[in-house]
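Geometric and topological summary
This is what each chain is made of:
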Amino acid sequence: MNRGTQYLRLALLQALAVAITVAVSVFTANGQLVDQAVMDTTIQSSDPAVRLARQFGENTVVIVAAGLVIGSVVLALARRRFADAAIAVTVFAGAALTSNILKHNVIVRPDLTLGLDEYSNSLPSGHATLAIAAACAALFAAPRHLKLPLVPVLTGWAILSGFGVIAAGWHRPSDVVTASLIVGFWCSAASGLRALLHRPGGGADRAVVTTRRSRIATSVLVSGSVVAAIALSLSYAVGTGRTVWSAALIAIAITATTLAALYMSLGSSRAASASRVVSARGVATA
């Protein structure tokens, strides 16, 4: 299976996980009640980490996300890495638009909880989508030697932002997990389309064998984010979801998504480099 097909299949897997999360968290009474209870517990927490996350969620998401995307895209364009810039913009804009459409035009939350007004739809989280999408977009656009050092910083900020919107009372845990899956979907879809449209010659094909580890890591990480989302949904379905459990699964889902974006970007970078080498050799021997 080539890279393009693999990534597009992973995108379908992430879309399926979104559907499962929505079905349980929005359209079952247990899902609604447990999701709300976990958010309420988080809001009431006096833990310093929760207070820090609240500050991130309330005050920095939009500004930092916009700065990250604009800065990384401008730098990619300055380096003439047009494909990297295009994927960064596609991931950020596609994820933001998808979250907005799903929340405001597609998902209608039924009243399964005795008519309480607090159960209006909030899934997926737009702020969490912006934070996670900006982190992934920055990784796609960053120079190869900066990608790995940026991962802990960008992932940490995305996780804090995700927890922050829950602690601020803006979103429930399922909103943040769904946002992460949507960003992951756009990372996989954009990378898959890039790989299918970029058809290297035979020499480049042999060189691209070096991306095998990246492809394996990508599959494992995407599967990890999907498993985390489904585990959260199952715990809600049976009414056993807990705050610490939900927090751990949110962190796993976001971390797996950003790391998958890292490996997709590394795979694309290696493939592009191999193609340029083969093209240069062809010109030299002509």
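Residues numbered from 1 in each chain as written. Predicted model: local features only at pLDDT ≥ 70, side-chain atom pairs only at ≥ 80, totals over all residues. Heavy atoms only, no water.

Considering the overall build of the protein
The number of helices and strands found in the protein is eleven helices and zero strands. Listing the helices and strands of the protein from first to last along the sequence gives α-α-α-α-α-α-α-α-α-α-α. Relative to its full complement of 286 residues, the protein shows a buried share of 50%. Relative to all contacts within the protein whose residues are 6 or more apart in sequence, the contacts with residues 24 or more apart total 86%. Roughly 12600 Å² of accessible area belongs to the protein as shown, and the carbon and sulfur atoms make up 68% of that amount. (Helix = DSSP H or I, 4+ residues; strand = E, 2+ residues; numbered from the N terminus. Buried < 20%, exposed > 50% of the residue type's maximum accessible area, 1.4 Å probe, protein only. Contact = heavy atoms within 4.5 Å. Areas by Shrake-Rupley, 256 points an atom, 1.4 Å probe, with all protein chains shown as cover.)

Observations regarding the nonpolar core
Val 91, Phe 92, Val 183 and Cys 187 are the most contacted members of the largest nonpolar core, which totals 68 residues. Per-element accounting of this core gives the leading share, 13 residues, to helix H6 (residues 126-141). The contacts of Cys 187, once residues within four sequence positions are left out, are Val 91, Cys 136, Phe 140, Ala 261 and Met 264. (Core = buried A, V, L, I, M, F, W, Y, C linked by side-chain atoms within 4.5 Å.)

A short note on helix H3 (residues 48-59)
The α-helix advances 3.6 residues per turn, and as a result positions three or four apart in sequence lie on the same side. With twelve residues, H3 extends 17 Å from end C-alpha to end C-alpha; this agrees with the ideal 16 Å at 1.5 Å per step. Three or more residues of H3 are buried, namely Val 50, Ala 53, Arg 54 and Gly 57. Take H3 and look down its axis: the buried residues cluster within an arc of 110°, on one side only. At its buried positions, H3 is contacted by helix H2 (29-44), helix H4 (61-78), H6 and helix H7 (144-167). Where H3 begins, one side-chain oxygen reaches toward the backbone nitrogen of Ala 49, 2.7 Å away; that side chain belongs to Asp 47. (Expected span 1.5 Å × (residues − 1). Arc of directions from axis to C-beta. Polar contact = N/O pair within 3.5 Å; in protein donor to acceptor, adjacent residues only side chain to side chain.)

Observations regarding the confidence of the model for the protein
Averaged over every residue, the pLDDT of the protein is 88; the share at 70 or more is 87%. For residues 274-284, every residue scores under 50 in pLDDT, and the model assigns this stretch nine contacts once sequence neighbours within four places are set aside. (pLDDT = per-residue confidence, 0-100.)

A closer look at a nonpolar patch on the surface
A surface patch of nonpolar side chains, amounting to about 260 Å² of accessible area, comprises Leu 97, Ile 101 and Val 106. Its place among the elements puts Leu 97 in helix H5 (residues 82-106). A relative accessible area of 53% places Leu 97 in the exposed class. (Patch = residues over 30% accessible without salt bridge, like charges linked within 9 Å, V, L, I, M, F, W, Y side chains within 5 Å. Salt bridge = Lys/Arg side-chain N within 4 Å of Asp/Glu carboxyl O.)

Comments concerning the environment of Arg 212
Along the chain, Arg 212 turns up in helix H10 (residues 212-237). Between the C-alpha atoms of Arg 212 and Arg 3, which are 209 residues apart in sequence, the distance is 9.1 Å.

Some details on H5
Helix length check: H5 (25 residues) gives 33 Å between terminal C-alpha atoms against 36 Å at 1.5 Å per residue, within 8%. Where H5 is concerned, the buried positions are Asp 84, Ala 85, Ile 87, Ala 88, Val 91, Phe 92, Gly 94, Ala 95, Ser 99, Leu 102 and Lys 103. The elements touched by buried residues of H5 are H4, H6 and helix H8 (173-197).

Some details on the environment of Pro 110
Its location among the elements puts Pro 110 in the loop between H5 and H6. Residue Pro 110 is classed as partly exposed on the basis of its relative accessible area, which comes to 24%. The spatial distance from the C-alpha of Pro 110 to the C-alpha of Phe 27 is 6.7 Å, given a sequence separation of 83 residues.

What about the packing of aromatic side chains?
If you walk through the whole model with that rule in mind, you get one aromatic pair. Between Phe 185 and Trp 186 the ring centres are 5.8 Å apart and the planes differ by 90°, which places this aromatic pair in the edge-to-face class. Residue classification places Trp 186 among the partly exposed residues on the basis of a relative accessible area of 23%. (Phe/Tyr/Trp six-rings, centres within 6.5 Å; stacked < 30°, edge-to-face > 60°.)

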